[in-house]
Amino acid sequence: MKKNLVALAVAAAFVVPGVAFASTSNNEDTGPVVYGYAQITGASQFGTSTNGSPAGSSGLVFGANRIRLGFKGEAVPGVTYNVMAGWDNATITGNTGVPGGNLLNDGLGNGGNASILDAWLNYAPVPFAQLEVGKFKLPVGNEYVNTEGNELPFVFRSMAQSLVPGRSAGAMIHGKDVLDDVTGTGVGYAVGIADDSSLDAYNAYNWSENGAMPFGSGQSGYLNGSGNYIAFARLNYDFMGPLLKAEVSGSRMSLGSTPNGNSVAPNGLSRSSIYTWNVGMHGGMMGIHYAASYTNMTTGRSFVPAGAMNSNGMLATDWNVGLGVNLHQMMLTPSWLDVEPAVRFDSFSINNHNGYDAKLDNTTVGLNYYVNSNNPHAAEVQLNYIIPSARQGKFGTGTPGGVFGAKGAPINGMAYNTLMLQFQAGF
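Let me begin by describing the structure that accompanies this report.

## Some points on the nonpolar core
At step 1: If you look at the biggest cluster of nonpolar residues, it comprises 26 residues, and the most contacted ones within it are Phe232 and Met297.
At step 2: For this core, the secondary structure elements donating two or more residues are strand E7 (186-195), strand E8 (229-239), strand E14 (314-325), strand E15 (338-351) and strand E16 (358-370).
At step 3: Counting residues in each nonpolar core, the second largest holds six residues, with Val155, Phe156, Ile386 and Met414 among its members.

## Let's talk about the side chain of Ser251
At step 1: Here Ser251 is to be found in strand E9 (residues 244-254).
At step 2: Given a relative accessible area of 5%, Ser251 falls into the buried group.
At step 3: When sequence neighbours within four positions are dropped, the list of residues in contact with Ser251 reads Val140, Pro165, Tyr205, Ile230, Ala231, Phe232, Ile274, Tyr275 and Thr276.

## Some points on the packing of aromatic side chains
At step 1: The full count for this structure, using the stated rule, is five aromatic pairs.
At step 2: Note on Phe71 and Tyr81: the rings are 6.5 Å apart at their centroids and 65 degrees apart in plane angle, and the pair reads as edge-to-face. Taken together, the residues Phe71 in strand E2 (residues 60-76) and Tyr81 in strand E3 (residues 79-87) connect sequence positions 10 residues apart.
At step 3: By relative accessible area, Phe71 is classed as partly exposed at 36%.
At step 4: Judged by relative accessible area, which is 13%, Tyr81 ranks as buried.
At step 5: Ring centres 6.5 Å apart and planes at 15 degrees place the aromatic pair Tyr237 and Phe239 in the stacked group.
At step 6: Judged by its relative accessible area of 34%, Phe239 is partly exposed.
At step 7: The aromatic ring of Tyr35 is capped on one face by Lys72, whose charged end is 5.0 Å from the ring centroid.
At step 8: Between Arg391 and the ring centre of Tyr416, over which it is positioned, the NZ or CZ distance is 5.8 Å.

Conventions and cut-offs
Residues numbered from 1 in each chain as written. Predicted model: local features only at pLDDT ≥ 70, side-chain atom pairs only at ≥ 80, totals over all residues. Heavy atoms only, no water. Core = buried A, V, L, I, M, F, W, Y, C linked by side-chain atoms within 4.5 Å. Buried < 20%, exposed > 50% of the residue type's maximum accessible area, 1.4 Å probe, protein only. Helix = DSSP H or I, 4+ residues; strand = E, 2+ residues; numbered from the N terminus. Contact = heavy atoms within 4.5 Å. Phe/Tyr/Trp six-rings, centres within 6.5 Å; stacked < 30°, edge-to-face > 60°. Lys NZ or Arg CZ within 6 Å of the ring centre and 35° of its normal.

Encoded structure:
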């Protein structure tokens, strides 16, 4: 009897607090909220026929830059979730089935494949120390992290997207407005680790000597990873609200071993690491919006025209500045004429340290029209004209999983004069 009383007391010590906690917890699901948008794009390039392209290669291209559908919500107080699927770049690569075909946005190269872009859970016991796990944008890059795809002032992002890791599965600890109550400014941070299987095609983190990320053998692919990871960190600072938002971020992927455990790749070259760091700022007031960033990527390997690799190393950089002026927000036009002229200069260069370098500058002149000034990104029209200049060398090597694409430009870069018209609607 005494033993039973002791067992009952022990059980009560665990059960009663649990019941009390359950009775006071709010388990109501406040979601999900369904959201999505579509960007339908028409474009044409000029001058491609002068580079050995077949007749008609500079014709119109129609496609969908982004088609997104997702749902998000709060499972319980302090626990939020987001799942978003995408069908991006559908038929927008143009005529790439023949040599010298239309090179429109060739660097993206996803072929319109549907995939789950985001799938994450966020645990926020306190605002300054939150845990996010799942698949998400790794917080490296100014424009890539701070501006959603349906809020871009230009049809395409800058070419700096080639140098950041993109989306991957991992975990991070992050916080925002850490010192807001103390200094009146906002300080945020993020630090974490992710798998090395970056989603975005043709960026610097999505390659290997065999054209695929090196998962281990034995057991199952789900349990036995490559042993290589992306470590990342970010620090951002907000000054005077929307006037100035600055950030510095970086990531490192160490290629420490091959699938068979060797420290030397099959081609005899020692494995190396990839490093990226970025500094940037953006902000605005009274209808004037600006953004500027510098991105630097280095790796211990470089490429040569024949498609081979050597250990001389490679440096790639991108810097860009952009400015937009919303005439309605400046009270120069009525609400039914909410237009925004915008301009951006984007400069991308590669130094392979073996005499095989490449450079491309793009100047984008744009005009944005927002159908409803109270909800500008629910329906908008964007007109861009992209002017390339200072083009030197060749981007890409033609090898499987080539870092920068094999047909003329980095991600989002244009090798020829390009006119683009995009219609967007979302909910």
